[in-house]
Amino acid sequence: MKKKIFAFVFAAAALFAASCSRENVPQGPDVLNLPDMKLLVLNNGSFNKNNSSVSYYIQENRSLTSIGSLFKKTNGQGLGDTAQDLIQVGKNYWISVNVSKVIHVIAPDFKLVKTIKVVEAGVELSPRYMCVEGGYVYVTMYEGYLAKINAETFEYEVIPVGPNPDAVVAPQGQLYVAASGGLPAVLNDEVDVVDIASFSVEKHLKVNVNPSLLAVAPSGNSLYVYSFGNYAEKPAKVERVALSDGSVSDILEGLSGAPVSIAMGADGKLLVLMGGYAPDWSPLPGQVYAYDTKKEAMEGSLYTYPVANAYSLSADASKGYIFIGVSDYVNTGDVQVLDKAGKPLGHFSASGINPIKVMMVK
């Protein structure tokens with residue numbers, strides 16, 4: 001949630017954004033007609049406000065109908081402070097809650113199965129991003145660790161990795177961890193490579209400073225790294241790392257604006273949400289660009305209708321849907337739905353503040 005915490009530092013920017021409410025956002029049709037649509041929406045909530053939430057949306061009467069904050073309604077308690085990531089593991093859903101330092105495992109009926117606290121040397125660790133591989137859930141811990149949790153027994157072990165790790169992915173028998181170093185004065189510039197068999201760091205890949213989000217090409221040949229830069233002379237970037245030799249290239253050269261998020265979409269297309277902030281910290285309109293991972297070439301803008309207050313990007317590679325979370329950090333957020341070609345299909349309320357991830361339910 002470093003990106004979100006950083007944004008909260010600029011309260012003036014958030015208040016400015018509030019004046020550009022979601023009523024002013026180009027939203028596409030008001031009615032969605034997507035019979036295969038069942039979604040979970042994870043909302044960060046506001047930092048230190050203990051109001052993270054998860055909502056379930058189903059198609060009904062030609063519109064998506066929300067079933068509120070399901071976790072709280074079902075279990076009589078909230079998710080906690082600053083939800084970070086959501087994944088499906090078998091039939092269950094796992095939710096990491098960064099500031100509250102918990103991982104919730106919930107069943108398909110949204111009843112709590114287990115709340116996991118990862119402790120190392122007597123210190124409760126702060127979970128961030130997750131991935132699943134071979135019956136284990138791998139979770140980055142912002143204090144500088146990677147946890148390996150048995151998805152059945154919930155037993156865990158941890159290893160040290162680079163500072164302030166964010167995203168983790170698991171292609172081809174290896175784990176890649178974005179070691180952001182987002183808190184120290186000198187930011188880190190490495191992605192750690194962890195061997196799954198030995199569960200140990202075996203090497204480091206040099207990238208732009210402050211790496212955060214990761215995506216892997218369906219071929220398994222390329223790793224894509226979204227990094228924040230240092231918010232000054234080193235700008236945010238999206239880089240391709242060739243896993244055959246570790247060579248790095250900037251895939252956004254020539255594009256205006258700053259990257260906000262990445263997600264792997266359908267047909268091997270890496271989706272890049274461009275937007276960010278102007279020098280006066282007013283939010284820039286967001287647009288989605290597509291990069292062809294087969295041709296290793298930028299295709300250009302998918303969604304040319306700019307999105308005010310674009311906050312997050314999610315995608316479903318199987319169905320091809322693209323989801324843009326919209327937030328002004330103050331009011332209930334919105335989610336815009338696009339098809340894989342970038343055509344707007346409609347929008348709906350996130351039923352919470354700061355929608356960070358949208359996931360189709362299997």
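For the structure itself, look to the data block above.
Residues numbered from 1 in each chain as written. Predicted model: local features only at pLDDT ≥ 70, side-chain atom pairs only at ≥ 80, totals over all residues. Heavy atoms only, no water.

Asker: For this particular structure, what's the right way to read the overall build of the protein chain?
Answerer: Tallying secondary structure elements over the protein chain gives 3 helices and 30 strands in all. The contacts in the protein chain between residues at least 6 apart in sequence include a share of 46% that link residues at least 24 apart. In the structure as shown, the protein chain presents an accessible area of about 14700 Å², 51% of it carried by carbon and sulfur atoms. (Helix = DSSP H or I, 4+ residues; strand = E, 2+ residues; numbered from the N terminus. Contact = heavy atoms within 4.5 Å. Areas by Shrake-Rupley, 256 points an atom, 1.4 Å probe, with all protein chains shown as cover.)

Asker: What exactly am I supposed to notice about the sheet that holds strand β29 (residues 344-349) here?
Answerer: Within a beta sheet, neighbouring strands are joined by backbone hydrogen bonds and run either parallel or antiparallel to one another. Strands sit in the order β26-β27-β28-β29 across an open sheet of 4 strands; the sheet is antiparallel. Unpaired on one side and paired on the other, β26 (310-315) and β29 mark the two borders of the sheet. The mean inter-strand angle of the sheet, taken between neighbouring strand axes irrespective of direction, is 20°. With 5 bridges joining them, strand β28 (residues 334-338) and β29 adopt antiparallel strand pairing. Considered in β29, the bridge of Asp 334 is made with Ser 349. (Pairing = 2+ DSSP bridges. Axes fitted to C-alpha atoms, helices over the stretch in contact; angles between N-to-C directions.)

Asker: Teacher, can you tell me more about the nonpolar core here?
Answerer: Nonpolar side chains tend toward joint burial in soluble globular proteins. With 31 residues, the main nonpolar core has Tyr 176, Leu 214, Leu 223 and Leu 270 as its most contacted residues. With residues up to four places along the chain from it excluded, the contact list for Leu 270 reads Ala 215, Tyr 224, Val 238, Ile 251, Ile 262, Ala 263, Met 264, Tyr 289, Ala 290, Tyr 291 and Thr 293. With 20 residues, the next largest nonpolar core counts Ala 83, Ile 95, Val 97 and Met 359 among its residues. (Core = buried A, V, L, I, M, F, W, Y, C linked by side-chain atoms within 4.5 Å. Buried < 20%, exposed > 50% of the residue type's maximum accessible area, 1.4 Å probe, protein only.)

Asker: So what exactly am I meant to see when it comes to the pattern of salt bridges here?
Answerer: A complete count under the given rule lists 8 salt bridges for this structure. Across the salt bridge formed by Lys 117 and Glu 124, the nearest N and O atoms sit 3.4 Å from each other. When its relative accessible area of 36% is taken as the criterion, Lys 117 is described as partly exposed. The partner of Lys 340 in a salt bridge is Asp 267, with the nearest N and O atoms 3.1 Å apart. With Lys 340 in the loop between β28 and β29 and Asp 267 in the loop between β22 (258-264) and β23 (269-275), the pair connects residues that are 73 residues apart, well separated along the chain. (Salt bridge = Lys/Arg side-chain N within 4 Å of Asp/Glu carboxyl O.)

Asker: Help me understand the sheet that holds strand β6 (residues 102-106) in this model?
Answerer: With respect to topology, 4 strands assemble into an open sheet ordered β4-β5-β6-β7, the strand pairing being antiparallel. Single-partner strands in this sheet number two, and they are β4 (83-89) and β7 (112-116). The sheet shows a mean angle of 15° between the axes of neighbouring strands, taken without regard to direction.

Asker: Which parts of the structure should I look at to understand the environment of Pro 160?
Answerer: Within the element layout of this structure, Pro 160 appears in strand β13 (residues 156-160). Along the chain, Pro 160 and Ser 200 lie 40 residues apart, while their C-alpha atoms are 8.6 Å from each other. Not counting residues within four places of it along the chain, the set of residues in contact with Pro 160 comprises Gly 144, Tyr 145 and Val 201.

Asker: It is not clear to me how the environment of Ser 244 should be interpreted in this structure. Could you clarify?
Answerer: Positionally, Ser 244 belongs in the loop between β20 (237-242) and β21 (248-250). Here the alpha-carbon distance between Ser 244 and Ser 222, two residues 22 residues apart in the chain, equals 8.2 Å.

Asker: How should the environment of Pro 285 be read in this particular structure?
Answerer: Here Pro 285 is to be found in the loop between β23 and β24 (286-292). Sequence spacing of Pro 285 and Pro 306 is 21 residues, and the spatial spacing of their C-alpha atoms is 5.2 Å. With near-sequence residues (within four places) excluded, Pro 285 lies in contact with Met 274, Gly 275, Pro 306 and Val 307.

Asker: Whenever I open this one, unusual backbone geometry confuses me. Can you help?
Answerer: What you tend to see is this: most non-glycine residues have negative phi, and most peptide bonds are trans. With a phi angle near 50°, Glu 296 is a residue other than glycine that sits in the positive phi range. Mapping Glu 296 onto the fold places it in the loop between β24 and β25 (297-307). Overall, Glu 296 belongs to the partly exposed group, its relative accessible area being 27%. With a phi close to 60°, Ser 351 is a non-glycine residue in the positive phi region. Looking at the element boundaries, Ser 351 is found in the loop between β29 and β30 (355-360). Overall, Ser 351 belongs to the partly exposed group, its relative accessible area being 30%.

Asker: Is there a simple way to explain the pairing of strand β10 (residues 127-133) in this structure?
Answerer: In regular strands, side chains alternate between the two faces of the sheet. Here β10 lies mainly inside the structure; 5 of its 7 residues are buried. Pairing between β10 and strand β11 (residues 136-141): 5 bridges, direction antiparallel. Across the sheet, Cys 131 pairs through a bridge with Tyr 138, a residue of β11. Connecting β10 to the antiparallel partner β11 that follows it, the hairpin turn spans 2 residues, and Gly 134 within it adopts a positive phi of roughly 60°.

Asker: Could you clarify how one ought to interpret the packing of aromatic side chains in this entry?
Answerer: When we look at a pair of aromatic rings, we describe it by the centre distance and by the angle of the planes. All told, the structure shown has 10 aromatic pairs when counted by the stated rule. On the numbers, 5.5 Å between centres and 50° between planes, the contact of Tyr 56 with Phe 110 is tilted. Of this pair, Tyr 56 sits in strand β2 (residues 53-60) while Phe 110 sits in the loop between β6 and β7, and the two are 54 residues apart along the sequence. Of the two residues, Tyr 56 and Phe 110, neither departs from the other in class, the shared state being buried. Judged by centre distance (6.2 Å) and plane angle (40°), the rings of Phe 228 and Tyr 231 are tilted. Using a relative accessible area of 10% as the deciding quantity, one classes Phe 228 as buried. Looking at Tyr 231, the relative accessible area reads 36%, which means it is partly exposed. Each residue in the set Tyr 56, Tyr 93 and Phe 110 is aromatic and connected to the rest through ring pairs, giving one cluster. Across from the ring centre of Tyr 142, 4.2 Å away, lies the NZ or CZ of Arg 128, which sits over that ring. (Phe/Tyr/Trp six-rings, centres within 6.5 Å; stacked < 30°, edge-to-face > 60°. Lys NZ or Arg CZ within 6 Å of the ring centre and 35° of its normal.)

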